[in-house]
Amino acid sequence: MNDIATPVAPTSPNIAASTEAPIMMRPTGELVLEARQLDFSYGKTQSLFGVDLPVERNRITALIGPSGCGKSTLLRALNRIYDMYPGQHATGRVLLNGEDILSDRGSISRLRARDGEVALNPSGLDTSALRARIGMVFQKPTPFPMSIYDNVAFGVRLHHRKSKAEMDVIVERSLKRAALWDEVKDKLSASGLGLSGGQQQRLCVARGIAVEPEVLLLDEPASALDPVSTAKLEATLMELKKDFTIVIVTHNLQQAARISDHTGFMFLGKMIEFRPTAELFERPQSPRTRDYVTGRFG
Amino acid sequence: MDRAFRRKLTNGVFVGACGLATIIALAALVLILWSLVKEGVGGIDGKIFTMTQPAPGSPGGLKNAITGSLMMCAAGMAIAVVVGILAGTWLAEYGGQTPYGHAVRFLNDVLLSAPSILIGLFVYEIMVAHLFGHFSGYAGALALALLAVPIVTRTTEDMLALQPNTLREAGMALGAGRGFVIRSIIWKAASAGLLTGGLLGFARISGETAPLLFTSLGNQFFSLDMAQPMASLPTTIFQFALSAYDDWRRLAWVGALLIAVAVLAVNTIGRLLARETHRP
Ligand SMILES: Nc1ncnc2c1ncn2[C@@H]1O[C@H](COP(=O)(O)OP(=O)(O)O)[C@@H](O)[C@H]1O
Ligand SMILES: [Mg+2]
């Protein structure tokens, strides 16, 4: 066991071979998104080692683990946002409805947005259409320097040509789903930068769901928010899982326990244990998970 | 002496030195502005804007010089803003870390501190000596543009580099391409900074004399033809201030005051606009 805790140079081959197999639950529902044996490297530094992640439809999947264990990295591999940085790359498989989005040979046509501009990246995968199907919300709120309305409409305009009336409907619906409508309905043309942190984060959620993605990825979305805003955001996410599938990274164990259906515990770039949330917290099987969820380290 | 006292003393000395330097700088500025106003205000009348430069002893104004300066500065800034923003964007968002990018940044920094008289000579060689065969407003505008480009480029790069990467990622996470994210999000987020770059560039070129002496030369008649030699405030000030005639020297003061007021006004308006666009 010591061999995991002792920091080994991440590139050293024995780190991948030295651990016991991950403890994975057998999926019961339909898998929307799935990572299989995913490796990820930042240049020469490998940060993920053979990670498996099954994401079931209309569930909230939480990723926990000490900081630096690779939660953000895993999330960023799932929508290929890392593509914009040369030198970062993933190997293994990420399946979206069974379609491999890492290998660029997958049948791209099915990933294509219904209409609108299609941007092909050099490798041939239509990442633009991919990202219309997998949305992302970041740790720090990232409102664009434009009106609240335009923030929400931004992604929709990229992928679909809509009339003003249609767009009005989409903006209103998205803001309602993100539980922000009542607070901003009278100032849709005001700048998104003028909202409070919690409101900005819900604006980012609204912006993400306005394009109707299948999956919404959130990377510690509440870590910059006060408890009241956090509670609102959590309530929003619980509501959203009726229509969307959510993967959330959090360093807040109570939060994972409160809102998620499944939880994956990661450590040193590996998935250690992935199980229904209640089971993972009440009866962790790996000693490492037990140490973490009982607060003995991390 | 104990440590706390030494630290207090050091702190006191340096705060004092900073204060003194500020006072000296402010005093110089106030003195300059004061003498400009004192000598210049009296000469401002309707004729300044309606009549061209006079022969010594007869009534006249600065109409030709003001018009020429406005036209050459506007043309120069138009070139500088387009080239500078594109170059700065390329450095910040695309090629800045490549060897070619480093070379471009280095050359830009060299240009930034190049003596303006060299820029004037360079444009003279190309446009005046060879292309046109005579002095022209175009040559003046180009020289001014070359002076402003490195400033706009540098400011643009710095301002774009200040924008957080998560903003770019947020745009791309919605499916936007890199270029679209830059045009529709990053430029907007940095708009106040980009405007500042333009203002700095304008402030730099509006008073430049040396490069214009080699390029647009000057023109004692009113002219809107940029293919011909063109008058400008700085060259007129240069000519008049050194002259032996009191009325010419008075006009030089007025010209200097006009430039100072223009730079001040443009800067103030720019700041206000920037604050306006950034107010949430
Ligand atoms: N841009 C990067 N370049 C190089 N290494 C990185 C980069 N981002 C993260 N890492 C490394 O990858 C590992 C996982 O990081 P990350 O996924 O951010 O962890 P977490 O989100 O779980 O805190 C860490 O060891 C970190 O140092
Ligand atoms: Mg992280």
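Keep in mind the model is a prediction, meaning the values are calculated, not measured.

Enquirer: Got a minute to help me understand the overall build of chain A in this structure?
Expert: Of regular secondary structure, chain A possesses 12 helices and 11 strands. Counting contacts in chain A only where the partners sit at least 6 residues apart, residues at least 24 apart contribute 67% of the total.

Enquirer: I'm lost on the sheet that holds strand E3 (residues 45-56) of chain A in this one. Help?
Expert: Sheet strands line up and pair through hydrogen bonds in the backbone, either parallel or antiparallel. Residues and elements named next belong to chain A. In spatial order, the strands read E3-E2-E5-E6; together these four strands make up an open sheet with antiparallel pairing. Pairing within the sheet leaves two strands with one partner each, and these edge strands are E3 and strand E6 (99-100). Relative to E3, strand E2 (residues 31-42) runs antiparallel, the two sharing eight bridges. Across the sheet, residue phenylalanine 40 finds its bridge partner in E3, namely leucine 48. The sheet contacts of helix H3 (residues 71-78) involve E2, E3 and strand E5 (88-96), and relative to E2 the element is tilted by about 115 degrees.

Enquirer: What exactly am I supposed to notice about the site of ligand 1 here?
Expert: Residue and element names in this part refer to chain A. If you check the shell around ligand 1, you find Tyr42, Thr45, Ser47, Gly65, Ser67, Gly68, Cys69, Gly70, Lys71, Ser72 and Thr73 and nothing else. Counting residues per element, the ones that place at least two in the shell around ligand 1 are E3 and H3. By residue number, the principal contributor to the shell around ligand 1 is H3, which donates three residues. For the shell around ligand 1, the per-class residue count stands at two nonpolar, eight polar and one charged.

Enquirer: I would appreciate a short explanation of the domain arrangement of chain B in the present structure.
Expert: As a measure of interface size, the accessible area lost when the parts come together is often cited. Residue and element names in this part refer to chain B. Along its sequence, chain B is carved into domain 1 (3-43) and domain 2 (47-278). Computed over C-alpha atoms, the centres of domain 1 and domain 2 are 29 Å apart. The partner domain 2 presents seven residues to the seven residues of domain 1 that form the contact. Taken together, the residues of the side of domain 1 that touches domain 2 break down into four nonpolar, two polar and one charged.

Enquirer: Quick question: what am I supposed to make of helix H9 (residues 191-206) of chain B here?
Expert: Turn by turn, an α-helix covers 3.6 residues, leaving residues three or four places apart pointing in a common direction. With 16 residues, H9(B) should reach 22 Å at 1.5 Å per residue; the first-to-last C-alpha distance of 22 Å fits that figure. Along H9(B), the positions that sit buried rather than exposed are B:Leu194, B:Thr196, B:Gly197, B:Gly198, B:Leu199, B:Gly201, B:Phe202, B:Ile205 and B:Ser206.

Enquirer: Please explain the interface of chain B and chain A as it appears in this structure.
Expert: Tallying the contact residues gives 15 residues for chain B and 24 residues for chain A. Those elements that place two or more of their residues in the side of chain B that touches chain A are helix H7 (165-173) and helix H8 (178-189) of chain B. Here the side of chain B that touches chain A takes six residues from H7(B), the largest share from any one element. Tallied by class, the residues present in the side of chain B that touches chain A amount to nine nonpolar, three polar and three charged.

Enquirer: Explain the sheet that holds strand E9 (residues 245-249) of chain A here, please?
Expert: Residue and element names in this part refer to chain A. Strand order across the open sheet formed by seven strands is E1-E11-E10-E4-E9-E8-E7, with mixed pairing between neighbours. Sheet topology places strand E1 (23-24) and strand E7 (134-137) at the edges, where each strand pairs with a single neighbour. The pairing of E7 with strand E8 (residues 215-219) spans four bridges and is classified as parallel. Bridging from a neighbouring strand, valine 137 pairs with leucine 218 of E8.

Enquirer: It is not clear to me how unusual backbone geometry should be interpreted in this structure. Could you clarify?
Expert: Only a minority of non-glycine residues have a phi that is not negative, and only a minority of peptide bonds are not trans. Residues and elements named next belong to chain A. In this structure, asparagine 97 is a non-glycine residue whose phi angle is positive, near 50 degrees. Summarising the element assignment, asparagine 97 is placed in the loop between E5 and E6. Here glutamate 212, not a glycine, exhibits a phi torsion of approximately 55 degrees, which is positive. On the basis of neighbour counts, which here come to 18 C-beta atoms within 10 Å, the residue glutamate 212 falls in the partly exposed class.

Enquirer: Can you walk me through helix H5 (residues 116-132) of chain B in this structure?
Expert: Residues and elements named next belong to chain B. Roughly 40 degrees is the biggest bend found in H5, and it falls at tyrosine 124. When H5 is considered as a whole, its buried residues turn out to be Ile119, Gly120, Val123, Met127 and Val128. Check the buried side of H5 and you find it contacts helix H6 (137-162) and helix H10 (210-215). Following H5 by one or two positions, glycine 133 adopts a phi angle in the positive range, close to 85 degrees.

Enquirer: I'm lost on the pairing of strand E11 (residues 270-276) of chain A in this one. Help?
Expert: Where a strand is regular, its side chains alternate between the two sheet faces. All names here are of chain A. Most of E11 sits out of view: six of its seven residues are buried. Sheet topology places E1 next to E11; two bridges connect them, and they run parallel. By the bridge assignment for E11, methionine 24 is matched with phenylalanine 274. Examined bridge by bridge, strand E10 (residues 262-267) and E11 share six bridges and lie antiparallel to one another.

Enquirer: What exactly am I supposed to notice about the confidence of the model for chain A here?
Expert: Any segment with low pLDDT has predicted coordinates that should not be analysed in fine detail. The share of residues in chain A with pLDDT of 70 or more is 86%, and the mean pLDDT across the chain is 86. Here residues 105-122 of chain A scores under 50 on pLDDT; set against residues more than four positions off or in separate chains, the count is 35 contacts.

What counts, and at which threshold
- Residues numbered from 1 in each chain as written.
- Chains lettered and ligands numbered in written order.
- Predicted model: local features only at pLDDT ≥ 70, side-chain atom pairs only at ≥ 80, totals over all residues.
- Helix = DSSP H or I, 4+ residues; strand = E, 2+ residues; numbered from the N terminus.
- Contact = placed C-beta atoms within 7 Å.
- Pairing = 2+ DSSP bridges.
- Axes fitted to C-alpha atoms, helices over the stretch in contact; angles between N-to-C directions.
- Near = placed C-beta within 6 Å.
- Nonpolar A, V, L, I, M, F, W, Y, C, P; charged D, E, K, R; others polar.
- Domains from an automatic or database assignment.
- Expected span 1.5 Å × (residues − 1).
- Buried ≥ 20, exposed ≤ 12 C-beta atoms within 10 Å, placed from the backbone.
- Bend = angle between axes of the 7 residues up to and from the residue.
- pLDDT = per-residue confidence, 0-100.

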